[in-house]
2 protein chains.
Amino acid sequence: MWSLLNLKSLQIFSIGQRLWRRTIKTKSLVYHRFGVPDEVVEMVEGELPDPGDKQLLIKIALAPINPYDLYNILGKFHTGSNKFPYTGGSEFVGEVVKTGTQYTPYVRGDIVIPLTLGSGAWTTYKLVNESDVFKVPNEVGLQEAATTAITACTAYRLLRDFVSLSEGDSVILSGANSAVGQLTLQLCKLWNLNAIGIVRDRDNVVNLKEDLKSLGATEILTDKEIDRTNLFENYPFLKPKLALDCIGGTIGSMIAQCLVKDGFMISYGEMSNEPVYAESNQFVMQENVFTGFSMIRWLDENMKLDKHIHMLDELMIQILRKNLIAPRMEMVPFEFYKVLPDPLKFVNMANRKFVFDMREEALDELVDSE
Amino acid sequence: MWSLLNLKSLQIFSIGQRLWRRTIKTKSLVYHRFGVPDEVVEMVEGELPDPGDKQLLIKIALAPINPYDLYNILGKFHTGSNKFPYTGGSEFVGEVVKTGTQYTPYVRGDIVIPLTLGSGAWTTYKLVNESDVFKVPNEVGLQEAATTAITACTAYRLLRDFVSLSEGDSVILSGANSAVGQLTLQLCKLWNLNAIGIVRDRDNVVNLKEDLKSLGATEILTDKEIDRTNLFENYPFLKPKLALDCIGGTIGSMIAQCLVKDGFMISYGEMSNEPVYAESNQFVMQENVFTGFSMIRWLDENMKLDKHIHMLDELMIQILRKNLIAPRMEMVPFEFYKVLPDPLKFVNMANRKFVFDMREEALDELVDSE
């Protein structure tokens, strides 16, 4: 397991107990108005006080750039008052570097991920309430931990919350190569569900298909193939009970048309910015239900409840068993947020999951003041 | 209340108890293959035996021509084997003219509507099992009774089964002038719900608006007005929790866009034969649910259960209290089924509810054989 303690600049920590100074410098990506992410986001330095009684000081290691974060910056779907500046980001993995003065089960070196979202993950240091984070087993890979709170949990809930799926049942998903898609394929394999993944046609799609099949896909079809496939005629048991869509438009509409009677079509994103269309027949006679899912909404209702903690426990066990690996990602050094061509543009344009990597951020501020 | 006993040809019934002959002639509209209704439907004569122990012989009075019946004839949505010939029709009101030999709570002159559907309503006489019909209070109007089993029940379930509506909540419906629409408007008024009805623009739409408002609509907008109305900005409490759509296409899509967060869009028909489209945002952020309703499906699951009987009881009470009147209808003499321009074409083309009227059908076959 990665640990700050392995970094040269932190080795000072191994020399007995020391005191911290009362404030610590932190760098954050913030925005003072809504707008195009790479225009409005800027890096600012700030100071954090020592953690209070029930607080933890976290050094963030990795923080993904999720579509949700980019929508937030655009102000899309924003409701309520504008309490600028906002710190970007939501999902992260970090290490406890200091605890409050009161007794706490946390110790320095513990790895945590957020239970609550929205307080900003794109920051080098972060003060959190003890009850707002989840302790990750030390053996869990950092990339896996970084993409559990939103990405893996989204895949988990999409498969669990809408239809009762038994072994051998089938799921169809668009954006099979997205981060949530990759986790969904793995969970399907784990739970013995057939997963039919849809990807946009591209160069070397054969390689992508093989990669996604190795993750757990039963079959991968391109948007050009789905319309003329006879997969569901040849193998009726592959007709999906659940369609998971993050694309919308023609692709979303086509996967919904593959559903069995009583099937559910769940929209959890809108990469294409195009509407889904549905024949009334799909509702009236096929008894399909179209609805949506947002992890943020789910957390609004279930945060810290048993089902939330249980899900995280279960995901951690499967990560430890190597049944779940992180989605393919590209690390972006935190300082390079504007230099690289598209970390702050929409993920679907980049076709890769960008993740801010703050592991090597200078930690000199942590030198004790004793 | 209308009764066969008032018809001259039936007055013979008032002369003491007589025996029937063992068979009775009946005329039915049947089809031997799926196809365009006015091409494949023909009238045939047949014979019915005396009712068995638990059977009733019914003389049909009125039988509406519902879109569902026309879809059946087209073979649209048909599944399973083809047991031709089929008798057309599903909804009816009829009078008991003979009972079986065993004890029965039914007596001659009782008015009944079907509990089960699909055995064909477009027929002059019909043998039914006692348990397959519902006795209508004698004071209930014949037109109201004729449109309860499917039309009024559909309106009732649409308002009851999807969202919990409290007094003052709002519903939006397309096809407000359809038969189900007219019943929906009346139930909304009865249950103190606001009803925003949408109709297609037409000549004299002002008159139609007034008529529908008199039935219970809070507001009637045309398809041209809905896009530019500021009704929901001016009166936010009118934003609907429930959208009921029998049209699809642009109208269906537009009424769905009026929904509050967490709202339900229910498709129960497809008059336009065009798909409904939905922005992913409606699912992901607005948490709307799109699904469908079909009375036939509902009956598959709930036929004769308490909730079925209770609904019919409640509707009958409201009809007796004059809170519900039948949708505007045009009577079609049974023999004229092919002569009139469009009884067997789709109802939406005609913009009227056609109802077969068999009250004056010759009843000479009923003369006893004693």
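In what follows, the accompanying structure is described.

Criteria and thresholds
Residues numbered from 1 in each chain as written. Chains lettered and ligands numbered in written order. Predicted model: local features only at pLDDT ≥ 70, side-chain atom pairs only at ≥ 80, totals over all residues. Heavy atoms only, no water. Least-squares fit on C-alpha atoms with pLDDT ≥ 70 in both. Contact = heavy atoms within 4.5 Å. Salt bridge = Lys/Arg side-chain N within 4 Å of Asp/Glu carboxyl O. Polar contact = N/O pair within 3.5 Å; in protein donor to acceptor, adjacent residues only side chain to side chain. Helix = DSSP H or I, 4+ residues; strand = E, 2+ residues; numbered from the N terminus. Pairing = 2+ DSSP bridges. Buried < 20%, exposed > 50% of the residue type's maximum accessible area, 1.4 Å probe, protein only. Phe/Tyr/Trp six-rings, centres within 6.5 Å; stacked < 30°, edge-to-face > 60°. Lys NZ or Arg CZ within 6 Å of the ring centre and 35° of its normal.

Next up on the list: the relation of the copies chain B and chain A. To go from the first copy of the chain to the second, apply a rotation about an axis and then a shift along the same axis. Relative to chain A, chain B is turned by 180 degrees and slid 0.0 Å along the rotation axis, the superposed coordinates differing by an RMSD of 0.0 Å. What the superposition gives is, in effect, a two-fold axis relating one chain to the other. Considering only C-alpha atoms, the residue of chain B closest to the rotation axis is Y277 of chain B, which sits at 1.9 Å. When you check the interface residues of chain B against chain A, 100% turn up at the interface there too, and the contact is symmetric in its surfaces.

What follows is about the interface of chain B and chain A. With 25 residues of chain B at the interface, the matching set in chain A holds 25 residues. Where chain B touches chain A, the interface holds 2 salt bridges. With its nearest N and O atoms 3.4 Å apart, the salt bridge here joins R297 of chain B to E287 of chain A. Across the contact surface, chain B and chain A share 15 residue pairs in polar contact (both at pLDDT 80 or more). Elements with a contribution of two residues or more to the side of chain B that touches chain A: β14 (276-278), α9 (280-284) and β15 (289-292) of chain B. Taken together, the 3 bridges between strand β14 (residues 276-278) of chain A and β14 of chain B define a ladder with antiparallel strand orientation. The partner of A278 of chain A across the bridge, within β14 of chain B, is V276 of chain B.

What follows concerns the sheet that holds strand β2 (residues 41-49) of chain B. Residue and element names in this part refer to chain B. Strands sit in the order β2-β1-β4 across an open sheet of 3 strands; the sheet is antiparallel. The two strands at the open ends of the sheet, each matched to only one other strand, are β2 and β4 (86-87). Examined bridge by bridge, strand β1 (residues 23-31) and β4 share 2 bridges and lie antiparallel to one another. Bridging from a neighbouring strand, Y31 pairs with Y86 of β4.

This next bit is on the pairing of strand β6 (residues 111-114) of chain B. Residue and element names in this part refer to chain B. Residues I111 and I113 point to one face of β6 and V112 and P114 to the other, with burial holding for every one of them. With 2 bridges connecting them, strand β5 (residues 93-99) and β6 associate as antiparallel partners. Its bridge partner being in β6, G94 is matched across the sheet by V112. Both β6 and strand β8 (residues 133-136) contribute to a ladder of 4 bridges, which runs antiparallel. By the bridge assignment, I111 is partnered in β8 with V136.

With the rule as written, the count across this model stands at 24 aromatic pairs over all chains. Aromatic side chains F34 of chain A and F84 of chain A sit 4.9 Å apart centroid to centroid with 65 degrees between the ring planes, which places their arrangement in the edge-to-face category. Placement of F34 of chain A in the loop between β1 (23-31) and α1 (37-40) and of F84 of chain A in the loop between α2 (67-74) and β4 (86-87) is noted, with a sequence separation of 50 residues between them. Looking at F34 of chain A, the relative accessible area reads 22%, which means it is partly exposed. Take F84 of chain A: its relative accessible area is 28%, and that puts it in the partly exposed class. Where W122 of chain A meets F356 of chain A, the ring centres are 5.3 Å apart and the plane angle is 80 degrees; that geometry is what we call edge-to-face. Of this pair, W122 of chain A sits in the loop between β6 (111-114) and β7 (125-129) while F356 of chain A sits in strand β17 (residues 353-357); the two residues are 234 residues apart in sequence, bridging distant segments of the chain. Exposure class is identical for W122 of chain A and F356 of chain A. Each is buried. One aromatic cluster is present, built from ring pairs that chain together Y31, F34, F84 and Y86 of chain A. Across the ring face of Y125 of chain B, the terminal group of K59 of chain B is positioned such that the distance to the ring centre comes to 5.1 Å. The ring of W191 of chain B has R160 of chain B sitting right over it, with the charged end atom 4.1 Å from the ring centre.

Interpretation in functional terms is not warranted from these geometric data alone.
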